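So the chains spell out like this:
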Amino acid sequence: MSLTKTERAIIVSMWGKISTQADTIGTETLERLFLSYPQTKTYFPHFDLHAGSAQLRAHGSKVVAALGDAVKNIDNITGALAKLSELHAYILRVDPVNFKLLSHCLLVTVAARFPADFTAEAHAAWDKFMSVVSSVLTEKYR
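Reading the values: rules and limits
- Residues numbered from 1 in each chain as written.
- Predicted model: local features only at pLDDT ≥ 70, side-chain atom pairs only at ≥ 80, totals over all residues.
- Heavy atoms only, no water.
- Core = buried A, V, L, I, M, F, W, Y, C linked by side-chain atoms within 4.5 Å.
- Buried < 20%, exposed > 50% of the residue type's maximum accessible area, 1.4 Å probe, protein only.
- Helix = DSSP H or I, 4+ residues; strand = E, 2+ residues; numbered from the N terminus.
- Contact = heavy atoms within 4.5 Å.
- Axes fitted to C-alpha atoms, helices over the stretch in contact; angles between N-to-C directions.
- Parallel < 35°, antiparallel > 145°, perpendicular 65-115°, else oblique.
- Left-handed = near helix turned anticlockwise from the far one by under 90°.
- Nonpolar A, V, L, I, M, F, W, Y, C, P; charged D, E, K, R; others polar.
- Expected span 1.5 Å × (residues − 1).

*Asks:* What am I meant to see in the nonpolar core here?
*Replies:* Membership of the largest hydrophobic core comes to 31 residues, with the highest contact counts inside it found for Ile 77, Trp 126 and Phe 129. Only helix H1 (5-18), helix H2 (22-36), helix H3 (54-72), helix H6 (97-113) and helix H7 (120-138) provide two or more residues apiece to this core. Counting residues per element, this core draws most heavily on H7, at nine residues. Of all hydrophobic cores here, the second largest spans nine residues; its members include Leu 56, Val 63, Leu 102 and Cys 105.

*Asks:* In this structure, what is going on with the environment of Glu 31? I would like to understand it.
*Replies:* Looking at the element boundaries, Glu 31 is found in helix H2. Residues Glu 31 and Ala 51 lie 20 residues apart in sequence; the distance between their C-alpha atoms is 6.3 Å. Leaving out residues up to four positions away in the same chain, Glu 31 has contacts with Ala 51, Gly 52 and Leu 56.

*Asks:* What's the story with the environment of Lys 83 in this structure? I'm lost.
*Replies:* Among the secondary structure elements, Lys 83 is positioned in helix H5 (residues 82-91). C-alpha of Lys 83 to C-alpha of Lys 100: the two residues are 17 residues apart in sequence and 19 Å apart in space.

*Asks:* Sorry, what's going on with the packing of H1 against H3 here?
*Replies:* Packed helix pairs are characterised by how far apart their axes lie and by the angle those axes make with each other. Orientation of H1 relative to H3, taken along the N-to-C sense of each, is 140°, at an axis distance of 10 Å. As far as their axial angle goes, H3 and H1 are oblique. H3 is crossed by H1, and the crossing has left-handed handedness. Here H1 contributes Ile 11, Val 12 and Trp 15 to the contact with H3, which in turn contributes Val 64, Leu 67, Gly 68 and Val 71. Taken together, the residues of the contact of H1 with H3 sort by class into six nonpolar, one polar and no charged.

*Asks:* I'm lost on H7 in this one. Help?
*Replies:* The α-helix advances 3.6 residues per turn, and as a result positions three or four apart in sequence lie on the same side. Its 19 residues place the ends of H7 27 Å apart at the C-alpha level, agreeing with the 27 Å of an ideal helix rising 1.5 Å per residue. Among the residues of H7, those classed as buried are Ala 122, Ala 125, Trp 126, Lys 128, Phe 129, Met 130, Val 132, Val 133, Ser 134, Val 136, Leu 137 and Thr 138.

Put into C-alpha cells, the structure is as follows:
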C-alpha cells in the first residue's frame, strides 16, 4: 500500500501542527490506549501508568518522535522504522495487533485536538499512513 501525492501532502501538512504538541499528543494517545485497551498494559509492567506520569510522557514522546521520523522519510518509511521494527519483534515481542490499537488511539487524539483540520480526507490519509506504519512495524514478524 502506498500513499498518493495528495495523501503525503496532507500528512506532512498536518504533521507541522501535530509536532508542536508532540509530547502532549503522545501522552494522551498512550493514556487513551491503556484506558481503552487495558491488555496493552502488560508490555509496561515497570512503568507508572497513571495519567501524566513521567514514564508515560517519556514513552509518548518516543512514539510521536518515531512517527515524526516516518513523516520525514515518507518515501522510505520501511528504512526509517527498521530498527524499531526489529526491537518490537525480536526483543520486546509486542503482539502486532497492538500497533493497530495504538494507531486508532492516535487518530482519535489528533481528531480531538484538530477538529477543523481532521476532515474526512485527512482522516483517510492518516488512517492509511498509520496502516503503512503498522505494516512496517510488523513486517519482521513474518
